[in-house]
Amino acid sequence: MRFLCPTHEEWYSLQPEEELVNNWMHWMHLSGCYYQNSQWNRALPYIGSSFDLARLLLSRQGEERKTAITLLTLSGIYLSNVFHHMGDEVESNKVLNIACEYLARFSEPATNSSVMQCMSCLTDTRAHDMFVAHHLNMPLARRSSSQATH
């Protein structure tokens with residue numbers, strides 16, 4: 001699952017961490033305009049691209065690793081949520097699994113507690129609201145009660 005084309009992914013992979021974080025925040029903000037109006041199809045590319053940027057950031061060594069863990073979790077939650085509201089539970093669950101796989105792959109002793117907390121949150125959709133409220137000033141559209149747990 002990729003939202004950035006290979007050319008843009010390569011271009012962003014060469015950008016400094018600060019630029020990736022700024023673009024992540026910009027795209028999440030843009031997605032929020034559509035997200036708040038339940039325009040899931042229009043929010044999807046922005047949230048998906050934010051998810052891709054967080055994966056790029058997480059794959060790097062450096063100071064931003066802890067930030068990348070949080071950004072990947074947040075954009076993973078939102079991306080999964082959008083797929084859920086579009087009626088695509090397969091893709092919704094796939095996003096959460098991909099996010100957990102990336103967190104497990106790029107974890108290191110200094111970030112293990114953050115990674116474990118984020119992985120736990122990703123696998124329990126009931127925890128999404130609280131995680132988002134703690135880290136991001138954006139609303140999260142509730143999932144239907146039949147999809148309470150991943």
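Keep in mind that this is a model prediction, so the values were computed, not measured.

Notes on the overall build of the protein chain
Tallying secondary structure elements over the protein chain gives seven helices and zero strands in all. Across the protein chain, helices and strands are ordered from the amino to the carboxyl terminus as α-α-α-α-α-α-α. Referenced to the eigenvectors of the C-alpha coordinate spread, the extents of the protein chain come out at roughly 40 × 30 × 25 Å. The proportion of buried residues among the 150 residues of the protein chain is 45%. Restricting the contact set of the protein chain to residue pairs at least 6 apart, pairs at least 24 apart contribute 68%. Accessible surface, the protein chain: about 7700 Å² in total, of which carbon and sulfur atoms supply 51%. Side chains of the protein chain give 11 positive and 15 negative charges; the mean places of these two sets differ by 5 Å.

What to know about the side chain of asparagine 81
Relative to the assigned elements, asparagine 81 resides in helix H4 (residues 65–85). Here asparagine 81 is in contact with Tyr35, Leu140, Ala141 and Arg143, once residues within four sequence places are set aside.

As for the confidence of the model for the protein chain
Averaged over the protein chain, the pLDDT score is 89; the fraction of residues at 70 or greater is 94%. Between the elements of the protein chain, mean pLDDT differs from a low of 90, seen in helix H6 (residues 112–123), to a high of 96, seen in helix H3 (residues 40–58). Low pLDDT, under 50, characterises residues 146–150; the predicted model gives this stretch 15 contacts beyond four residues in sequence or across chains.

A look at the nonpolar core
Among the nonpolar cores identified, the biggest contains 45 residues, and Tyr35, Ile47, Leu58, Leu72, Tyr78, Leu103 and Leu136 are the most heavily contacted of them. Taken together, the elements giving at least two residues each to this core come down to helix H2 (17–35), H3, H4, helix H5 (89–105), H6 and helix H7 (128–135). If sequence neighbours within four positions are ignored, tyrosine 78 has contacts with Met28, Tyr35, Ile47, Val132, Leu136, Met138, Pro139 and Leu140.

Remarks on the pattern of salt bridges
Within this structure, the stated rule accounts for five salt bridges. Among the ionic pairs, glutamate 9 bridges to arginine 2, the shortest N-O distance being 3.9 Å. Take arginine 2: its relative accessible area is 48%, and that puts it in the partly exposed class. Arginine 55 is paired through a salt bridge with aspartate 52; the nearest N and O atoms lie 2.6 Å apart. Placement of both arginine 55 and aspartate 52 in helix H3 is noted, with a separation of three residues, approximately one turn of the helix. Like aspartate 52, arginine 55 is buried.

So, the packing of H3 against H4
One way to put it is that H3 packs onto H4 with a least axis distance of 8 Å and a crossing angle of 155°. Comparing the axis directions of H3 and H4 gives the class roughly antiparallel. Handedness of the crossing formed by H3 with H4: left-handed. Together, Trp40, Leu44, Ile47, Gly48, Ser50, Phe51, Ala54, Arg55, Leu57 and Leu58 of H3 and Arg65, Ala68, Ile69, Leu71, Leu72, Ser75, Gly76, Tyr78, Leu79, Val82, Phe83 and His85 of H4 make up the contact between the two elements.

Reading the values: the criteria
- Residues numbered from 1 in each chain as written.
- Predicted model: local features only at pLDDT ≥ 70, side-chain atom pairs only at ≥ 80, totals over all residues.
- Heavy atoms only, no water.
- Helix = DSSP H or I, 4+ residues; strand = E, 2+ residues; numbered from the N terminus.
- Buried < 20%, exposed > 50% of the residue type's maximum accessible area, 1.4 Å probe, protein only.
- Contact = heavy atoms within 4.5 Å.
- Areas by Shrake-Rupley, 256 points an atom, 1.4 Å probe, with all protein chains shown as cover.
- Lys, Arg positive; Asp, Glu negative; His and termini not counted.
- Charge placed at Lys NZ, Arg CZ, Asp CG, Glu CD.
- pLDDT = per-residue confidence, 0-100.
- Core = buried A, V, L, I, M, F, W, Y, C linked by side-chain atoms within 4.5 Å.
- Salt bridge = Lys/Arg side-chain N within 4 Å of Asp/Glu carboxyl O.
- Axes fitted to C-alpha atoms, helices over the stretch in contact; angles between N-to-C directions.
- Parallel < 35°, antiparallel > 145°, perpendicular 65-115°, else oblique.
- Left-handed = near helix turned anticlockwise from the far one by under 90°.

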